[in-house]
Amino acid sequence: GGLGDQLANELARSPAAAPAPDGSLDLAAMYRWLLDQGLRERVVAGRAELDRWGADYARLQGCDTATPAPGCTVAVRWLQQSGRTKSPPVVFARLAFAFALAQADPRVVGLNLVAPEDDRVALRDYSLQMRMLRFLSDQAPGVKVALHAGELTLGLVPPEALRGHVREAVTVAGARRIGHGADIGYEDGALDTLKTMREGRVAVEICLTSNDLILGVKGRDHPLADYLATGVPVVLASDDQGVSRIDLTNEYLRAASEHGLSYRQLKQISRNGLTYSFLPGDSLWRDPVRAKPVAGCARGSLGAIDPAPACRRFLAGSEKARAQWRLEAALTAFEGLKDWRTP
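Parameters and conventions
- Residues numbered from 1 in each chain as written.
- Predicted model: local features only at pLDDT ≥ 70, side-chain atom pairs only at ≥ 80, totals over all residues.
- Heavy atoms only, no water.
- Pairing = 2+ DSSP bridges.
- Helix = DSSP H or I, 4+ residues; strand = E, 2+ residues; numbered from the N terminus.
- Phe/Tyr/Trp six-rings, centres within 6.5 Å; stacked < 30°, edge-to-face > 60°.
- Buried < 20%, exposed > 50% of the residue type's maximum accessible area, 1.4 Å probe, protein only.
- Polar contact = N/O pair within 3.5 Å; in protein donor to acceptor, adjacent residues only side chain to side chain.
- Contact = heavy atoms within 4.5 Å.
- Patch = residues over 30% accessible without salt bridge, like charges linked within 9 Å, V, L, I, M, F, W, Y side chains within 5 Å.
- Areas by Shrake-Rupley, 256 points an atom, 1.4 Å probe, with all protein chains shown as cover.
- Salt bridge = Lys/Arg side-chain N within 4 Å of Asp/Glu carboxyl O.
- Axes fitted to C-alpha atoms, helices over the stretch in contact; angles between N-to-C directions.
- Parallel < 35°, antiparallel > 145°, perpendicular 65-115°, else oblique.
- Left-handed = near helix turned anticlockwise from the far one by under 90°.
- Nonpolar A, V, L, I, M, F, W, Y, C, P; charged D, E, K, R; others polar.
- Expected span 1.5 Å × (residues − 1).

## Some thoughts on the pairing of strand β1 (residues 78–83)
Here comes step 1: Bridge count between β1 and strand β2 (residues 108–114): 6 bridges; the pairing is parallel. Of the residues in β2, the one forming a bridge with Gly83 is Val114.

Right, dumping it as structure tokens:
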């Protein structure tokens, strides 16, 4: 937000941001400067800003009235977004603020880099930005990173720009979720990257409509089948519902009608949406691929109103598992409809 931007502009003008003769930046020196200039104090103000936004939301939804809007039942969490098209010191300072805010406030469950990945500055500084994320992750362990990476295709950028964005996001920046990943087939060592994502349980957020409208990548040209075939955890996302005039249901429809995904695959993707979310707590699944629950919840029906005592204790200690349990209840109810298989 504006608090991070103000600090970023101050850093860009400081001696700490001056490049070395070889053009490199001293990330440690810039980070020390930010701390000395009150990074943590800006975070206190940033948390107060979140408080105001929450209060405004509750007021607009009428949450304290006799007729609250349905939105009052929605749990809101934040991803702090930082733009990738500014100068390196500005991007670094914004990211440092994002990490510090996420570390201090549980409502901020992670962070992301946004803005067009094919922008001239974004392409030029991509590897540097991944190193920035790695450096800041080491300073603030536990903060989760989701990255728009690989939202590129041949013709939009020159071939050399397609050689490693997803790979660097995973292996350098340590991203736990990859948004888009549409260029994976053009990348060097793509099979190794896919294996790393599968083994590390790094999810890919597939945005079918967005990739069609922005990149012209759809149908057989889309790598969705490659991610599924190699066992990478897949979730569906809209990217931007307001711009594309769609909703998530539309993305499930496209996955079924254009890519031939079965109900079983769509069900797994729905489960993945929570399993690989940044909600706090342990997952319901000890084996998410085979939908095997943790030992305490292995007996009885998934999503039952009255789970076994051991399962009830487990759910009480995990916000993520409670959300997963509610999804299982909804799936069971849906599958109990007599006509649910009707096209």
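## A few points about unusual backbone geometry
Here comes step 1: For Arg201, which is not glycine, the phi dihedral falls at a positive 55°.
Here comes step 2: With respect to the helices, strands and loops of the structure, Arg201 is situated in the loop between α8 (190–200) and β5 (203–206).

## Structural notes on the packing of aromatic side chains
Here comes step 1: Per the stated rule, a full pass over the model turns up 4 aromatic pairs.
Here comes step 2: Here Tyr31 and Phe135 contribute two aromatic rings whose centre-to-centre distance is 5.8 Å and whose plane-to-plane angle is 80°, an arrangement assigned as edge-to-face. Of this pair, Tyr31 sits in helix α2 (residues 27–36) while Phe135 is found in helix α6 (residues 126–139), placing the two residues 104 residues apart along the sequence. Like Phe135, Tyr31 is buried.

## Section: the side chain of Glu251
Here comes step 1: Mapping Glu251 onto the fold places it in helix α12 (residues 248–259).
Here comes step 2: A distance of 3.2 Å separates a polar side-chain atom of Glu251 from the backbone nitrogen of Leu208.
Here comes step 3: Look past the residues within four positions of Glu251 in its chain and what remains in contact with it is Cys207, Leu208, Thr209, Leu236, Ala237, Ser238 and Ile246.

## Some words on a nonpolar patch on the surface
Here comes step 1: A cluster of nonpolar side chains, Trp53, Tyr57, Val74, Val76 and Trp78, forms an exposed patch at the surface whose accessible area comes to about 440 Å².
Here comes step 2: Relative to the assigned elements, Val74 resides in the loop between α3 (39–61) and β1.

## Re the sheet that holds strand β3 (residues 146–149)
Here comes step 1: Reading across from one edge, β3-β4-β5-β6 is the order of the 4 strands in this open sheet, with parallel pairing throughout. Both edges of this open sheet fall to β3 and β6 (234–236), since each of them pairs with a single strand only. Between one strand axis and the next, the sheet turns through 30° on average, direction left out of account.
Here comes step 2: Both strand β4 (residues 177–180) and β5 contribute to a ladder of 3 bridges, which runs parallel. When the sheet's bridge partners are listed, Gly179 is paired in β5 with Glu205.

## What about the packing of α2 against α6?
Here comes step 1: In contact at an axis separation of 11 Å, α2 and α6 are set at 55° when each is read in the N-to-C sense. Of the possible angle classes, the one that applies to α2 and α6 is oblique. Handedness of the crossing formed by α2 with α6: right-handed. Counting all contacts with α2, which are made through Leu27, Ala28 and Tyr31, the residues of α6 involved are Arg131, Met132, Phe135, Leu136 and Gln139.
Here comes step 2: In the contact of α2 with α6, the residues fall into 6 nonpolar, 1 polar and 1 charged.

## Structural notes on α3
Here comes step 1: For α3, built from 23 residues, the straight-helix expectation of 33 Å at 1.5 Å per residue is met to within 8% by its first-to-last C-alpha distance of 33 Å.
Here comes step 2: For α3, the full list of buried residues reads Leu39, Arg42, Val43, Gly46 and Leu50.
Here comes step 3: Where α3 terminates, the next one or two residues include Gly62, which has phi positive at roughly 65°.

Function cannot be inferred from these measures alone, as they are strictly geometric.
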